[in-house]
Amino acid sequence: MKVWRSNFAYKSIKTSYNMKMFLSFIIMIVGISIPTNALAESNKNVPYTMDMEISIRNNSSTTVHRSPVHIAIDAIYYPEYNTIDIIYNGDCEGEIFLYRDNNLIENHHEINTSLILPFESGSYRIDIITEDWTAQGYIQL
């Protein structure tokens, strides 16, 4: 009988150990997945800046070599409100054109403006045209 009891105790300990390992594994998986899902949900409403390609129009016929002009313009997309804010700190006046799949949606005569996107998905293009430079940006929702 002693052999049977010691053998039984060994199986009980082994089963207990396996159960603890299994529960630890389940807790670890749940612990990893909850923050990952929370991070994915929180990133949906974080505003981000769109990249704008800027090209300078050369109106002069002289061959003076100067350093490139830096144009401070930002296009910030806010997913929570489904808007794009255009922020420009400069002297130029121009127009903004908003396209969705190459169809004109909206036109503004001021550069500093907020564009409301009519749809939550699609491919949007922003064209900013002034006398001295043009800028273009894309966003895929």
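About the criteria used
Residues numbered from 1 in each chain as written. Predicted model: local features only at pLDDT ≥ 70, side-chain atom pairs only at ≥ 80, totals over all residues. Heavy atoms only, no water. Helix = DSSP H or I, 4+ residues; strand = E, 2+ residues; numbered from the N terminus. Buried < 20%, exposed > 50% of the residue type's maximum accessible area, 1.4 Å probe, protein only. Contact = heavy atoms within 4.5 Å. Patch = residues over 30% accessible without salt bridge, like charges linked within 9 Å, V, L, I, M, F, W, Y side chains within 5 Å. Areas by Shrake-Rupley, 256 points an atom, 1.4 Å probe, with all protein chains shown as cover. Salt bridge = Lys/Arg side-chain N within 4 Å of Asp/Glu carboxyl O. Lys, Arg positive; Asp, Glu negative; His and termini not counted. Charge placed at Lys NZ, Arg CZ, Asp CG, Glu CD. Pairing = 2+ DSSP bridges. Axes fitted to C-alpha atoms, helices over the stretch in contact; angles between N-to-C directions. Core = buried A, V, L, I, M, F, W, Y, C linked by side-chain atoms within 4.5 Å.

S.K.: With reference to specific residues and values, describe the overall build of the chain.
M.R.: Each helix and strand in the chain was counted, giving one helix and nine strands. When the helices and strands of the chain are read in sequence order from the N terminus, they spell out α-β-β-β-β-β-β-β-β-β. For the chain, buried positions account for 23% of its 141 residues. Put simply, of all contacts in the chain between residues at least 6 apart along the chain, 54% involve residues at least 24 apart.

S.K.: Got a sec to walk through a negative patch on the surface? Specific residues and values, please.
M.R.: On the surface, a cluster of negative charge is contributed by Glu93, Glu110, Glu131 and Asp132. Among the secondary structure elements, Asp132 is positioned in the loop between β8 (123-130) and β9 (133-140). By relative accessible area, which is 36% here, Asp132 ends up partly exposed.

S.K.: Before we move on, can you summarise the environment of Ile84 with the specific residues and values?
M.R.: Tracing the backbone through its elements, the reader meets Ile84 in strand β4 (residues 83-88). Between the C-alpha atoms of Ile84 and Met50, which are 34 residues apart in sequence, the distance is 9.1 Å. Setting aside chain neighbours within four positions, we find Ile84 in contact with Met50, Ala75, Ile76, Tyr77, Thr113, Ser114, Leu115, Leu117, Ile126 and Ile139.

S.K.: Before we move on, can you summarise the sheet that holds strand β5 (residues 94-100) with the specific residues and values?
M.R.: What links the strands of a sheet is backbone hydrogen bonding, and the strands pair in either a parallel or an antiparallel sense. Ordered in space as β2-β9-β8-β5-β6, the five strands form an open sheet in which the pairing is antiparallel. The open sheet terminates on both sides in strands that have one partner only, identified here as β2 (52-56) and β6 (103-108). Taking the axes of each pair of neighbouring strands and ignoring which way they run, one obtains an average angle of 20° across the sheet.

S.K.: Please set out the pairing of β8 residue by residue, giving values where relevant.
M.R.: When you tally the buried positions in β8, you get six out of eight residues, the bulk of the element. In terms of strand pairing, β5 meets β8 through seven bridges, oriented antiparallel. Residue pairing in the sheet places Arg100 in a bridge with Tyr124 of β8. Sheet topology note: the β8/β9 ladder contains seven bridges and is antiparallel. Bridged to Ile129 within β9 is Thr134. Counted between consecutive antiparallel strands, the loop separating β8 from β9 contains two residues.

S.K.: Explain the nonpolar core to me, and be specific about the residues and the numbers.
M.R.: Grouped together as the largest cluster of nonpolar side chains are 20 residues, with contacts concentrated most on Ile73, Ile84, Ile86, Ile126, Ile128 and Trp133. Elements supplying a minimum of two residues to this core: β3 (73-78), β4, β5, β8 and β9. What Ile86 contacts, discounting residues up to four positions off in sequence, is Ile73, Asp74, Ala75, Ile96, Ile111, Asn112, Thr113, Leu115, Ile126 and Ile128.

S.K.: Quick rundown of a nonpolar patch on the surface? Include the residues and the values.
M.R.: Residues Met19, Phe22, Leu23, Phe25, Ile26, Ile27, Met28, Ile29, Val30 and Ile32 make up a contiguous nonpolar surface patch of roughly 970 Å² in combined accessible area. Counting through the fold element by element, Ile29 comes out in helix α1 (residues 2-43). When its relative accessible area of 42% is taken as the criterion, Ile29 is described as partly exposed.

S.K.: Talk me through the side chain of Thr130; I want residue IDs and the actual numbers.
M.R.: By the secondary structure assignment, Thr130 is in strand β8. The contact partners of Thr130, leaving out residues within four places of it in the chain, are Arg57, Cys92, Glu93, Gly94 and Ile111.

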